[in-house]
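A closer look at the structure
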Amino acid sequence: MGTKRIGKIWIQQGKLGYIMKLEINYNIALELFKKKEFRKIIDDCLAGFDNQPIYETGKKILDDHIKLLDITLRTCLMINDSMSFCKILEKFGHLSALSHFSAANSFFNSNPQEAWYFLSNASSYNNKHHGFWSLGLNSIPRHQNWFSYNQHDIKGKITTNLKGDSFANSAFVFSSNSGYFNKYFEYSYSTLCKTNENKIFVYHIINPDEETETLVAKYKNNKNINFNFEYTSEENKRKDYYASQRFYIAYEALNILNVPVFIFDIDTLFLKNTDHLFIDDKWSTDLLGIKISPNVELPWQKIAAGAIYIPNNNTGRDYLKRVCSFISMINKNTTHSNLWWIDQNALFFALTDMNLNQYQKWTGVLLNKFLSYPKILENKETFFKNNS
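In this report, we go over the structure that sits alongside the text. (Residues numbered from 1 in each chain as written. Predicted model: local features only at pLDDT ≥ 70, side-chain atom pairs only at ≥ 80, totals over all residues. Heavy atoms only, no water.)

So, the packing of helix α3 (residues 63-78) against helix α5 (residues 99-108)
Viewed as axis vectors pointing N to C, α3 and α5 meet at an angle of 20 degrees, and their least axial separation amounts to 11 Å. Of the possible angle classes, the one that applies to α3 and α5 is roughly parallel. α5 is crossed by α3, and the crossing has left-handed handedness. On the side of α3, the interface is formed by Asp70, Leu73, Arg74 and Leu77, while α5 contributes His100, Phe101 and Phe108. Class assignment of the residues belonging to the contact of α3 with α5 gives a composition of four nonpolar, one polar and two charged. (Axes fitted to C-alpha atoms, helices over the stretch in contact; angles between N-to-C directions. Helix = DSSP H or I, 4+ residues; strand = E, 2+ residues; numbered from the N terminus. Parallel < 35°, antiparallel > 145°, perpendicular 65-115°, else oblique. Left-handed = near helix turned anticlockwise from the far one by under 90°. Contact = heavy atoms within 4.5 Å. Nonpolar A, V, L, I, M, F, W, Y, C, P; charged D, E, K, R; others polar.)

Some thoughts on helix α12 (residues 314-333)
Its 20 residues give α12 an end-to-end C-alpha distance of 28 Å, which sits within 8% of 28 Å, the value for a rise of 1.5 Å per residue. Where α12 begins, the side chain of asparagine 313 points an oxygen toward the backbone nitrogen of threonine 315, at a separation of 3.1 Å. (Expected span 1.5 Å × (residues − 1). Polar contact = N/O pair within 3.5 Å; in protein donor to acceptor, adjacent residues only side chain to side chain.)

Description of the packing of aromatic side chains
Pairs of aromatic rings are described using the distance from one ring centre to the other and the angle between the two planes. By the definition in use, this model includes 49 aromatic pairs. An angle of 15 degrees between the planes, with centres 5.3 Å apart, marks the rings of phenylalanine 185 and tyrosine 189 as stacked. Of this pair, phenylalanine 185 and tyrosine 189 both sit in helix α8 (residues 178-195), separated by four residues, roughly a single helical turn. The burial state of phenylalanine 185 is the same as that of tyrosine 189; both residues are buried. The ring of phenylalanine 370 has lysine 272 sitting right over it, with the charged end atom 5.5 Å from the ring centre. (Phe/Tyr/Trp six-rings, centres within 6.5 Å; stacked < 30°, edge-to-face > 60°. Buried < 20%, exposed > 50% of the residue type's maximum accessible area, 1.4 Å probe, protein only. Lys NZ or Arg CZ within 6 Å of the ring centre and 35° of its normal.)

Examining the packing of α3 against helix α4 (residues 82-92)
At a closest axis distance of 9 Å, the pairing of α3 and α4 adopts a crossing angle of 150 degrees. Judged by the inter-axis angle, α3 sits roughly antiparallel to α4. Once α3 is placed against α4, the crossing between them reads as left-handed. Contact with α3, carried on its side by Leu69, Thr72, Leu73, Cys76 and Leu77, involves Ser84, Phe85, Ile88, Leu89 and Phe92 of α4 and no other residues of that element. Classifying every residue of the contact of α3 with α4 by side-chain character gives eight nonpolar, two polar and no charged.

Here it is, written out as structure tokens:
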């Protein structure tokens, strides 16, 4: 056995033949990622794989190398390096563990048929091959006709105490478990009363406890608030369940209250009446309003679930029906306990299924005019004490 170096790779001869060893690996790349040395990750990965014969003879690629390619492709998206992204996909994009990146590229290029071909080949998340950003693989459909195969009767899925003939011109919908509600409800609600008094606020609380019941008793007689309770078994309940229920409640609110619906995260502060979206910012009441990340992300992770406007028309109802059917499909058909980005995936694939090209965007500037919320990794307790 012997070892020789070719550029930025080491070739080691073993019992099974030659094994390629790169100077960079996933763990090194992850540390570089944390330091925001994105360019170095891409350059070192490309240099390691360039001009080497090992994988051009049909040999199985090593797990460690797939994981390195996974973080490198994600890094290409981070800095919008489409040239390197496509170069890697040209060589390795056929691998099932990386096929979702090929699908993303096809969606970017407005080629959904090709995208679905690649998604049908995409593997589930595997920590041997993927970093955490690929956890969404466990909640991505693999067939273009997912909705027609998985339509669910959404109406009445959740029991509500909503009544029609609301005084409000729109409804704000929130959903959380009791812990989140107890922590953030009063901060959020106090800003709503100051800025959006002509709305109805619908809070869906899953497994309320004594503290929840005390808070509800304090505010339940306010004319603009509606509390809705759901009781479930806590066993094996994923965190995504608590937030995703807001889409079912939104569907009920749209049909019962017969007004447009805004869907928000419960840990949000409100700075301005949303009526001004349609007055000052010329939004249409008839089009969806969604927040799409300006960064180059995997397309199904680009839509943020914490600020959605649903119009009171067939487009709004059809969209929410697809979102809820998607969530029901994932909950029914998967055994994965580690599911991420279900809401975002549902919002994206519902939009794709309807082939909707007309919608309004919550830009960052626009969002900051109306809402305030803690940034990722920011201490929420400190944020709310300082800003409410």
